[in-house]
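Given next are the chains, with one letter for each unit.
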Amino acid sequence: MPFPRLPDLPSIPMRPEELVRQRINRAPSPLLASGLPWVSVMLASLAAFSPVIASAPVLPPLAFMVFLAWRMLRPSLLPLWAGLPLGAFDDLYSGQPFGCGIVLWSAAMLVMDTVDNRLLWRSFVQDWAVASMLMAAYLVLSAGIAGLAAAYPLPLVIGPQLLVTLALYPLVTRAVALLDRVRLLPLRTV
Amino acid sequence: MARSPDRRPGFSRRAQYGIFTGYVIAVAGFLAGVAMLIVSIVNPQAFSSVRGAASEIARPAGEAGAETRAAGQSVISAIGAYFQAGRQNAALTREVAAARANAFTMQALEGENRRLKALLGIVDPAVKPIAAARLIGSTASSARRFAVLSAGAAQGVRPGQPVRSSAGLIGRVIEAGPGTARVLLVTDPENVVPVRRARDGLPAFVEGKSDGRIAIRLLNMGMNPLKRGDVFVTSGSGGLYPPGIPVAVVTEVLHDGGVGHLASDPADADFVVVLPVFQPTAVTALGASQQAAGPAPEASEAGGGN
């Protein structure tokens, strides 16, 4: 069998918009449009059930990063109180004492609201800087609360994790931007 | 890029109330979270049933992940072995020669051990494992070290039971749901395991450092007799862990103890075995006396005390 030449292969759409051929008389599905942010954050929470059984905190807090990325990309998509349910869900899998996620995620939403009111203009670097501060505070406070629960001083093991988290944030925002385009695919017939 | 203007409600009363309610719920959620956090720090088992149910739901995903992990490791190790075949061959030949010599010594020692035990009248209780299961998840982004096991109360797993792999101790069960259980790994700072040096029985205890290594603390103060490469096994004191399970290998000697590597990295363990509590009567007696005596002055470990 000859090796298939490139033009013979079925073309994979490069952009999510190309998945949908017909665009006239179509609108985004309301379920997908409002549900995808919640589902994607919850799936990121389940990253604890990844194939890695870690003996040190190595994975970045993916769920919190996805949550922040949605908040930065679409400021009004997640309601202000979204930290309550999503943080509670993350607490079930993260191993932190229950309530830690609720507190920190709610606080992050309130801080982001203040930041939005103070800084009138947005840019990539500024978003990254704000997210970096929030993620660093999140990691340090999480480790502190975990240390409190284990009656053990704040473990200084989050350094590598913090660096990975800060470096990975732009990638997460790209992934969330892609999801945002999937979210608005015109699937429903009007 | 300017920020989006959709937070300004204009004159719509409904929109204004909506935003106000959002703030109220967000702040109330924050305060409720603080309350729940305090509850769960004071009583760590408070939300265990909810967590158990959550693990049950995620169990299929975790099991699929555990299988991919095994497959992925074998692929990577196969590729690695291809590159290191020559060096590995030479090293293994040397190792086999050394092991063969050791095996004869071991056989002699085993026979002697049996004779001495018969002389003393010690009967080793036959330890039958409770369940064999996979580790299907872990808290990879938290500073606490928990793993989730794919067996639970339905298989007879109860809180307190030790978990080991073929290479050594993994941890102990702290919460058991119907089909999953939560394991406190040896590397968690809350897990304190009484151990002894395999060579001469030097007593010590190990405590997790949360970064994948464990701290080894000696019971007897004075000159530090630890050397790099010393192997520590469980001693059986406290009645929780059966004696003789490898726990740690010393990699760094400090002035009052040492830092060790795990004998069994949970990431390498394909299947783990849940063992019964070594001496349940001792553990319950210890728990009862601790309850009667009130809380210990510093964080001591139920069943792991020395």
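Keep in mind it's a predicted model, so treat the numbers as computed, not measured.

1. Side note on the overall build of chain A
When helices and strands are tallied, chain A shows six helices and two strands. Listing the helices and strands of chain A from first to last along the sequence gives β-α-α-α-α-α-α-β. Taken across its 190 residues, chain A has 41% of its residues classed as buried.

2. Details of the pairing of strand S12 (residues 257-262) of chain B
Residue and element names in this part refer to chain B. As paired elements, strand S9 (residues 213-218) and S12 share five bridges and run antiparallel to each other. The partner of alanine 215 across the bridge, within S12, is valine 259. Pairing of strand S11 (residues 246-254) with S12, which is carried by six bridges, proceeds in the antiparallel orientation. Residue pairing in the sheet places glutamate 252 in a bridge with valine 259 of S12. Taking the residues that link successive antiparallel strands as the turn, the S11-S12 hairpin has two residues.

3. Looking at the pairing of S9(B)
All names here are of chain B. Bridge count for strand S8 (residues 203-208) against S9 is five bridges, and the pairing is antiparallel. Paired with glycine 208 across the bridge in S9 is isoleucine 214. Remark: four residues form the turn of the hairpin made by S8 and S9, two consecutive strands paired antiparallel; serine 210 in that turn has positive phi of roughly 70°.

4. Here's the deal with the interface of chain A and chain B
Taken together, the contact between chain A and chain B spans 56 residues of the former and 58 residues of the latter. Counting residues per element, the ones that place at least two in the side of chain A that touches chain B are helix H3 (83-94), helix H4 (100-118) and helix H5 (124-149) of chain A. Of all the elements, H4(A) adds the most residues to the side of chain A that touches chain B, at eight residues.

5. Points about the UniProt feature "transmembrane region" (unreviewed entry) in chain A
Here the UniProt feature "transmembrane region" (unreviewed entry) sits at residues 56-73, 133-152 and 158-179 of chain A. Regarding residues 56-73 of chain A, the helix share stands at 67% and the strand share at 0%, and the terminal C-alpha atoms are separated by 31 Å.

6. A look at the environment of Glu207(B)
All names here are of chain B. With respect to the helices, strands and loops of the structure, glutamate 207 is situated in strand S8. With 90 residues separating them in the primary sequence, glutamate 207 and lysine 117 have C-alpha atoms 31 Å apart. Excluding its chain neighbours within four sequence positions, the residues that come into contact with glutamate 207 are Pro189, Val192, Ile214, Ala215 and Arg217.

7. A few points about the nonpolar core
In this structure, Val66(A), Val183(B), Val206(B) and Val247(B) are the most contacted members of the largest nonpolar core, which totals 105 residues. If one sorts the elements of this core by residue count, helix H2 (residues 62-73) of chain A sits on top with ten residues. Contacts of Val247(B), omitting those with residues within four sequence positions, involve Gly168(B), Leu169(B), Val186(B), Val193(B), Val195(B), Val206(B), Phe232(B), Val233(B), Thr234(B) and Ala263(B).

Cut-off values and rules
- Numbers given for residues are sequential positions, taken from 1 along each chain in its written order.
- To label them, take the chains in the order written and letter them from A, then take the ligands in the order written and number them from 1.
- Whole-chain, interface and lining totals are the exception, using all residues; otherwise, since this is a predicted model, local features are given only for residues with pLDDT of at least 70 and side-chain atom pairs are given and counted only at 80 or more.
- Segments assigned H or I by DSSP are reported as helices when at least four residues long, segments assigned E as strands when at least two residues long, and all are numbered from the N terminus.
- Each residue is classified by how many other C-beta atoms fall within 10 Å of its C-beta atom, where C-beta atoms are placed from the backbone; a count of 20 or more means buried, 12 or fewer means exposed, and values in between mean partly exposed.
- A pair of strands is considered paired only if DSSP assigns at least 2 bridges between the two.
- C-beta atoms are placed from the backbone for every residue, and two residues are taken to be in contact when these atoms lie within 7 Å.
- UniProt positions are given in the numbering used here, feature names are shortened, and annotations may be inferred rather than shown by experiment.
- Only buried residues count toward a nonpolar core: Ala, Val, Leu, Ile, Met, Phe, Trp, Tyr and Cys, linked into one set through C-beta atoms within 7 Å.

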